[in-house]
Amino acid sequence: MKELIQKLVETTGPSGYEDQIRDLVKNQISKFSKDIKVDPMGNLIVRMGAKKPGGSRIMIAAHMDEIGIIVTHVDDNGFLRFTTIGGVRAANCIGGRVKFLNGHSGVIYMEKMESADRVPSFEQLYIDCGYTSAKECPIKVGDIASFDRPFVDLGKRLVAKAMDDRIGVAVLVEVMRQLKNTPNEVFFVFSTQEEVGIRGATTSAFGIDPEIGLSVDVTPTGDTPKSMKMAVSLGNGPAIKVRDSGMLSDPRLVRHLVKIAEEKKLPYQLEVLEMGTTDARAIQLTRSGVPAGCVSIPCRYVHSPSEMVDMDDVENAVKLILAFLSEPIEL
Ligand code: CO
Ligand code: ZN
């Protein structure tokens, strides 16, 4: 699975520009189902299983897109100014590298600061692509880049950019590989534009009209030096979301997931997140409403170029979701 994770995280795919990552995922999953489509928003939707007595129509989503930047201005000396695609923090940018969709690379740095311990604002950051004039610079206003940082295997723990949410994508691909029998009609959705406001999940949930919804995404942890208070730790199991700032998971679904984890003796944690949300919110609020929840992969340093996950959590998330999809769900 590590090999697949590396391929996924090293592929470029900022929100709205998911072509490359979608092609890669499509390649990986085409052997599991013949029922594959790409909708107008670019979501990759794969159907597996047919509804048998007691079964449900389930939508399960992981987003393909990642955070990135978009060029707003090129000055006479070829320095680029930019704005963000999704929740990028200025402090995580300085000294980092970006890779443009057209293959060019650049370095992010900052203007001279009045005080060394102040965090700069985005207006004070620029990108240097190694050119000396606007004329010579092949990057133009509107060009898009993602962060560039290789995958690192630390053994039990893995580090890369875009673990949010390529690790969720990897979990779904692995679940599809192992899913043999299900009484449910399952729609796997590899969604687009999550980082800019769960847009792909909004339209795909409407189209699928599911009876039950689940997203698979990352959640930050509270286990690093002087981190925020949060009862989720890396390596303590997948987190069953109870709440984030965009949704309250359906309590019946939370109970059902907890029951499965306990029956299968899988480690799990309960997640109460004070900021952010996932594709599950869009599923929950589609049409006349859908019971929805989320299985989160604990992840340190979310939205930095070095996001860290634990392989045990990843494998246990696969087991939990596989068990969830393999049985009838009675809420
Ligand atoms: Co994110
Ligand atoms: Zn995410």
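Quick caveat, the model's predicted, so the values are computed rather than measured. (Residues numbered from 1 in each chain as written. Chains lettered and ligands numbered in written order. Predicted model: local features only at pLDDT ≥ 70, side-chain atom pairs only at ≥ 80, totals over all residues. Heavy atoms only, no water.)

Things to note about the environment of lysine 37
Inference 1: In this structure, lysine 37 sits in strand β1 (residues 36-38).
Inference 2: For lysine 37, a relative accessible area of 49% puts it in the partly exposed group.
Inference 3: Note: C-alpha distance between lysine 37 and alanine 317 (280 residues apart in sequence) is 25 Å.
Inference 4: In contact with lysine 37, not counting residues within four places along its chain, are Asn43, Leu44 and Ile45. (Helix = DSSP H or I, 4+ residues; strand = E, 2+ residues; numbered from the N terminus. Buried < 20%, exposed > 50% of the residue type's maximum accessible area, 1.4 Å probe, protein only. Contact = heavy atoms within 4.5 Å.)

Re the packing of helix α3 (residues 163-178) against helix α7 (residues 311-326)
Inference 1: Contact pair α3 / α7: the axes reach a minimum separation of 9 Å and the direction vectors enclose 50 degrees. When the axes of α3 and α7 are compared, the pair comes out oblique. In terms of crossing hand, the pair formed by α3 and α7 is right-handed. Here α3 contributes Ile167, Val171, Glu174, Val175 and Gln178 to the contact with α7, which in turn contributes Val314, Ala317, Val318, Ile321, Leu322 and Leu325.
Inference 2: The residue inventory of the contact of α3 with α7, partitioned by class, reads 9 nonpolar, 1 polar and 1 charged. (Axes fitted to C-alpha atoms, helices over the stretch in contact; angles between N-to-C directions. Parallel < 35°, antiparallel > 145°, perpendicular 65-115°, else oblique. Left-handed = near helix turned anticlockwise from the far one by under 90°. Nonpolar A, V, L, I, M, F, W, Y, C, P; charged D, E, K, R; others polar.)

Describing the coordination of the zinc ion (ligand 2)
Inference 1: Protein-derived coordination of the zinc ion (ligand 2) comes from His63 (NE2), Asp164 (OD), Asp217 (OD) and Asp217 (OD), at a distance range of 1.9 to 2.7 Å.
Inference 2: Considering all 4 donor atoms around the zinc ion (ligand 2), the spread of angles at the metal, 51 to 144 degrees, places the coordination shape in the irregular class.
Inference 3: Sequence spacing among the residues donating to the zinc ion (ligand 2) works out to H-x100-D-x52-D.
Inference 4: Under the relative-accessibility criterion, aspartate 217 is labelled buried at 4%. (Donors = N, O, S within 2.8 Å, 3.2 Å for Na, K, Ca; no water. Tetrahedral: all angles 85-135°; square planar, octahedral: opposite > 155°, others 65-115°.)

Remarks on the packing of helix α2 (residues 19-29) against α3
Inference 1: Close contact between α2 and α3 brings their axes to 10 Å; oriented N to C, the two are set at 20 degrees. What the angle tells us is that α2 and α3 run roughly parallel. By crossing handedness, the relation of α2 to α3 is classed as right-handed. Between α2 and α3, the residues in contact are Ile21, Val25, Gln28 and Ile29 and Arg166, Val169, Val173 and Met176, respectively.
Inference 2: Tallied by class, residues from the contact of α2 with α3 come to 6 nonpolar, 1 polar and 1 charged.

Brief notes about the pattern of salt bridges
Inference 1: Applying the stated criterion across every chain, the model contains 17 salt bridges.
Inference 2: One salt bridge connects glutamate 271 with lysine 241, and the closest N-O pair in it is separated by 2.6 Å. Note that glutamate 271 is positioned in strand β15 (residues 269-272) and lysine 241 in strand β14 (residues 239-243), a separation of 30 residues in sequence. Just as glutamate 271 is buried, lysine 241 falls in that class too.
Inference 3: Residue arginine 252 is joined to aspartate 250 by a salt bridge in which the shortest nitrogen-to-oxygen separation is 2.9 Å.
Inference 4: Given the relative accessible area of 37%, arginine 252 is considered partly exposed.
Inference 5: Look at aspartate 250 and you get buried, because its relative accessible area is 11%.
Inference 6: Each of Lys156, Arg157, Asp310 and Asp312 takes part in a single network of salt bridges with overlapping partners. (Salt bridge = Lys/Arg side-chain N within 4 Å of Asp/Glu carboxyl O.)

Everything listed is a geometric property; what it means functionally is a separate question.
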